[in-house]
Amino acid sequence: MAKRFQFRLEQVLGLRKQVEEVRVRELAQAKGRLLQIEEAIREHGENEAQFLYTYGEFEKTGGFSADQVMAYCEYKEWLLRRERDYRKQEKEWMEEVERRRQYAVKASRDKKLLENLREKKKRVYSQELLGEEQRFLDEISSIAFVRRDRAQSATNADLTINLGR
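Every chain is numbered on its own, with residues counted from 1 as its sequence reads. Given that the model is predicted, a residue must reach a pLDDT of at least 70 before its local features are reported, and side-chain atom pairs must reach 80 or more before they are shown or counted; all residues, however, enter totals for whole chains, interfaces and linings. Neither water nor hydrogens contribute to the side-chain values; these are computed over all heavy atoms in the structure.

A.B. asks: Mind showing me how you'd approach the overall build of the chain here?
C.D. replies: Numbered from the N terminus, helices here are DSSP runs of H or I no shorter than four residues, and strands are runs of E no shorter than two. The helix and strand tally for the chain stands at 2 helices and 0 strands. With the radius of gyration taken over C-alpha atoms, the globule rule is written as 2.2 Å times the number of residues to the power 0.38. Its C-alpha atoms give the chain a radius of gyration of 41 Å, clearly above 15 Å, the size a compact globule of 165 residues would have. Along the first, second and third principal axes, the C-alpha atoms of the chain reach 145 × 30 × 15 Å. Whether a residue is buried, partly exposed or exposed follows from its accessible area with a 1.4 Å probe, protein chains only, as a fraction of its type maximum: under 20%, in between, or over 50%, in that order. Split into buried and exposed, the 165 residues of the chain put 17% on the buried side. Summarising the internal contacts of the chain: among those between residues at least 6 apart in sequence, 91% fall at separations of at least 24. Total accessible area computed for the chain in this model is approximately 13,400 Å², and 53% of it derives from carbon and sulfur atoms. Separation of charge centres in the chain, based on 35 positive and 31 negative side chains, amounts to 10 Å. Contacts were defined at the residue level, with two residues in contact if any of their heavy atoms lie within 4.5 Å. In this description, accessible areas are obtained by the Shrake-Rupley approach with a 1.4 Å probe, and a residue is regarded as covered only by the protein chains that are shown. The charge count treats Lys and Arg as positive and Asp and Glu as negative. His and the chain ends do not count. Lys charges are placed at NZ, Arg charges at CZ, Asp charges at CG and Glu charges at CD.

Right under this line is the structure:
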């Protein structure tokens with residue numbers, strides 16, 4: 001009976017599969033964080049638009065004090081600072097997503113390399129096994145042929161001896 005196929009690097013392949021899973025999970029988390037930031041930017045834009053609309057309506061009525069103008073200016077500056085912060089975070093997380101994507105791709109390539117090597121070794125093993133089986137069958141056929149040939153020769157010899165008497 002032929003021995004079972006064993007890939008010597010199976011444990012390394014298992015480790016690379018785990019690393020790939022971790023990298024893909026990290027990428028998903030980074031994408032999730034980026035989506036949260038993009039949603040915050042969208043909400044911030046809506047809030048800013050609403051504020052500007054409200055201020056525009058207030059301005060049309062014409063009556064507001066210096067304190068109200070100061071409060072408007074301070075709030076407008078705060079909105080601008082907040083938008084810059086969001087844009088900075090967005091840029092940082094876009095870079096982080098790209099970095100984690102590259103890590104995930106590298107981990108996937110490393111795993112695929114070992115999987116391809118395992119498949120190649122498995123094909124070689126199968127070919128060797130088929131070769132062994134074919135040699136075994138050839139040997140059985142040869143033995144059967146020799147036995148038949150001897151049996152036929154013996155039968156022919158017996159006939160020759162019996163006919164010669």
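A.B. asks: Any chance you could explain helix 1 (residues 10-61) here in plain terms?
C.D. replies: An α-helical segment advances 3.6 residues per turn. Residues three or four places apart therefore align on the same side. Given the number of residues in a helix, its expected span is that number minus one, multiplied by 1.5 Å. In this model, helix 1 (52 residues) spans 77 Å end to end at C-alpha, consistent with the 76 Å of a helix rising 1.5 Å per residue. Every buried residue belonging to helix 1 is among Leu-13, Glu-20, Leu-27, Ala-30, Leu-34, Ile-37, Ala-40, Ile-41, His-44, Glu-48, Phe-51 and Tyr-55, and all of these are buried. The first or second residue beyond helix 1 is Gly-62, which carries a positive phi of 90°.

A.B. asks: Honestly, the nonpolar core in this entry has me stumped. Any pointers?
C.D. replies: Soluble globular proteins: nonpolar side chains tend toward being buried together. Judged by nonpolar contacts, Leu-27, Ala-30, Leu-34, Val-97 and Ala-104 together constitute the single largest core of 5 residues. Listing elements by their share of this core, those giving two or more residues are helix 1 and helix 2 (66-164). Per element, the largest residue contribution to this core is 3 residues, and it comes from helix 1. The contacts of Ala-104, once residues within four sequence positions are left out, are Arg-23, Val-24 and Leu-27. The term nonpolar core refers to a set of buried residues drawn from Ala, Val, Leu, Ile, Met, Phe, Trp, Tyr and Cys, joined through side-chain atoms within 4.5 Å.

A.B. asks: Honestly, the side chain of Glu-115 in this entry has me stumped. Any pointers?
C.D. replies: Note that Glu-115 resides in helix 2. A residue is classified by how much of its surface remains accessible, and Glu-115, at 15% relative accessible area, is buried. Not counting residues within four places of it along the chain, the set of residues in contact with Glu-115 comprises Leu-13 and Lys-17.

A.B. asks: When you look at the packing of aromatic side chains in this model, what are you seeing that I'm missing?
C.D. replies: In this description, a pair of aromatic rings is defined by centroid distance and the angle of the planes. A pair of Phe, Tyr and Trp rings is counted when the ring centres sit within 6.5 Å of each other, with Trp represented by its six-membered ring. The angle between the planes then sorts it: under 30 degrees is stacked, over 60 is edge-to-face, the rest tilted. Tallied over the full model, the rule gives 6 aromatic pairs. Taking 5.3 Å as the distance between ring centres and 15° as the angle between the ring planes, the aromatic pair formed by Phe-51 and Tyr-72 counts as stacked. Of this pair, Phe-51 sits in helix 1 while Tyr-72 is found in helix 2, placing the two residues 21 residues apart along the sequence. Judged by relative accessible area, which is 17%, Tyr-72 ranks as buried. Counting every residue linked through ring pairs, the aromatic cluster contains Phe-51, Tyr-55, Tyr-72, Tyr-75 and Trp-78.

A.B. asks: What is the right way to read the pattern of salt bridges from this model?
C.D. replies: Two side chains carrying opposite charge are able to pair once their charged atoms lie near each other. Definition used for salt bridges: Asp or Glu carboxyl oxygen within 4 Å of a side-chain nitrogen of Lys or Arg. Evaluated as defined, the whole model comprises 14 salt bridges. For the salt bridge of Arg-87 with Glu-90, the shortest nitrogen-to-oxygen distance reads 3.3 Å. Taken together, the positions of Arg-87 and Glu-90, both in helix 2 and 3 residues apart, correspond to about one turn of that helix. Taking relative accessible area as the criterion, Arg-87 reaches 40% and is therefore assigned partly exposed.

A.B. asks: Honestly, the environment of Ser-126 in this entry has me stumped. Any pointers?
C.D. replies: Among the structural elements, Ser-126 can be located in helix 2. C-alpha of Ser-126 to C-alpha of Arg-84: the two residues are 42 residues apart in sequence and 62 Å apart in space.

A.B. asks: What should I look at first to understand the environment of Glu-46 in this one?
C.D. replies: By secondary structure assignment, the location of Glu-46 is in helix 1. Each C-alpha atom of the pair Glu-46 and Lys-17 lies 43 Å from the other, and the pair is 29 residues apart in sequence.

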